Amino acid sequence: MITQEQIPTVLDHPVYDADGNKIGDAKHVFLDDATGQPEWVSVKTGLFGTSESFVPIQDATMVEDHLEVPYGKDKIKDAPNVDVDAGGHLSEAEEHRLYEYYGIDWDAAWQQANQPGQSGWARTDTSEFTQPGTDTTAYADTTMEPARDDDAMTRSEEQMHVGTERREAGRARLRKYVVTEEVQQTVPVSHEEVRIEREPVTDANRDAAMSGPDISEDEHEVTLHEERPVVETQTVPVERVRMDTEEHTDEETVRGEVRKERIEADMPEQDDDR
């Protein structure tokens, strides 16, 4: 929820939807008369900011230099057109139309505003805040402070609420490229060599030995063979590689400043002789 202290930061700053789409610029912030809390923000939309749409601000958040609302850009642009009277207030009927359009339970909101400690109907009139220095007058709301029936003083304090935002921390990518490596493998190879064999003539081989001429010239040739390594390559798949992310949770200490009200009593001096 946006506080009154944040209103100057909201005005004339961009308004984005939950998907990060810019809707327009915030022009006016309207307060609830009963609680004094910001209730609506008007956003300049359309070409050159010619239209002004109302958006509930109760669930909006300030993100860096812009306001983020939990409604889509098209939803906001199609919101009902409402008229603001000269006093800078929304009528009950106009506000009721806006509640119905954004799906907010009117009865639940009325009951919440009329709980003990609240003053009046929460959804009647609202006061308008504008950026100082603009032509539009800033209206002061006399009903922002609830009426008191006793002399009690309310002490308030700020509370720090810490959340997280997701942002890009870096990128990782898979890249495939080709390298050439030299591999070595030992394989057995064989070859033929000539060996001279001599055998004496015996009765068993005498006929073969005597089959030729007695004295002659002759020659005999033998073909020798050998093995040589042959290299060929074949492409085969070996593994599948993919990237995945896993989330690790660390702890960080966040420091901030909050304001607290203190109540002191100035008591009259007591006469000890009495």
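About the thresholds
Residues numbered from 1 in each chain as written. Predicted model: local features only at pLDDT ≥ 70, side-chain atom pairs only at ≥ 80, totals over all residues. Heavy atoms only, no water. Patch = residues over 30% accessible without salt bridge, like charges linked within 9 Å, V, L, I, M, F, W, Y side chains within 5 Å. Areas by Shrake-Rupley, 256 points an atom, 1.4 Å probe, with all protein chains shown as cover. Salt bridge = Lys/Arg side-chain N within 4 Å of Asp/Glu carboxyl O. Buried < 20%, exposed > 50% of the residue type's maximum accessible area, 1.4 Å probe, protein only. Phe/Tyr/Trp six-rings, centres within 6.5 Å; stacked < 30°, edge-to-face > 60°. Lys NZ or Arg CZ within 6 Å of the ring centre and 35° of its normal. Core = buried A, V, L, I, M, F, W, Y, C linked by side-chain atoms within 4.5 Å. Helix = DSSP H or I, 4+ residues; strand = E, 2+ residues; numbered from the N terminus. Contact = heavy atoms within 4.5 Å.

Q: So, a nonpolar patch on the surface: which residues are in play, and what are the values?
A: A cluster of nonpolar side chains, namely M160, V162, V254 and V258, defines an oily patch on the protein surface of about 330 Å² accessible area. Judged by its relative accessible area of 52%, V162 is exposed.

Q: Explain the packing of aromatic side chains to me, using residue names and the numbers behind them.
A: Applying the stated criterion to the full structure yields 5 aromatic pairs. Clustering of aromatic rings is evident, with ring pairs tying together W40, Y71, Y99, Y101 and Y102. Directly above the aromatic system of Y101 lies the positively charged group of K75, at a separation of 4.2 Å from the ring centroid.

Q: An account of the nonpolar core is requested, with residue identities and associated values reported.
A: In this structure, W40, V41, V55, L67, V69 and Y102 are the most contacted members of the largest nonpolar core, which totals 28 residues. Those elements that place two or more of their residues in this core are α1 (7-10), β2 (22-32), β3 (38-45), β4 (51-56) and α3 (92-101). Those residues in contact with V41 that sit more than four places away from it in its chain are V10, A26, H28, V29, S53, F54, V55, I57 and L67.

Q: So, the pattern of salt bridges: which residues are in play, and what are the values?
A: Applying the stated criterion to the full structure yields 10 salt bridges. For R259, the salt bridge is made with E158, and the minimal N-O distance between the two is 2.9 Å. One end of the pair, R259, is in the segment after α5 (206-209); the other, E158, is in the loop between β7 (126-129) and α5, with 101 residues separating them in the sequence. Accessibility expressed as a relative area gives 52% for R259, which makes it exposed. The exposure class of E158 is partly exposed, given its relative accessible area of 32%. Ionic pairing is found between R171 and E168, a salt bridge with its closest N-O pair at 3.2 Å.

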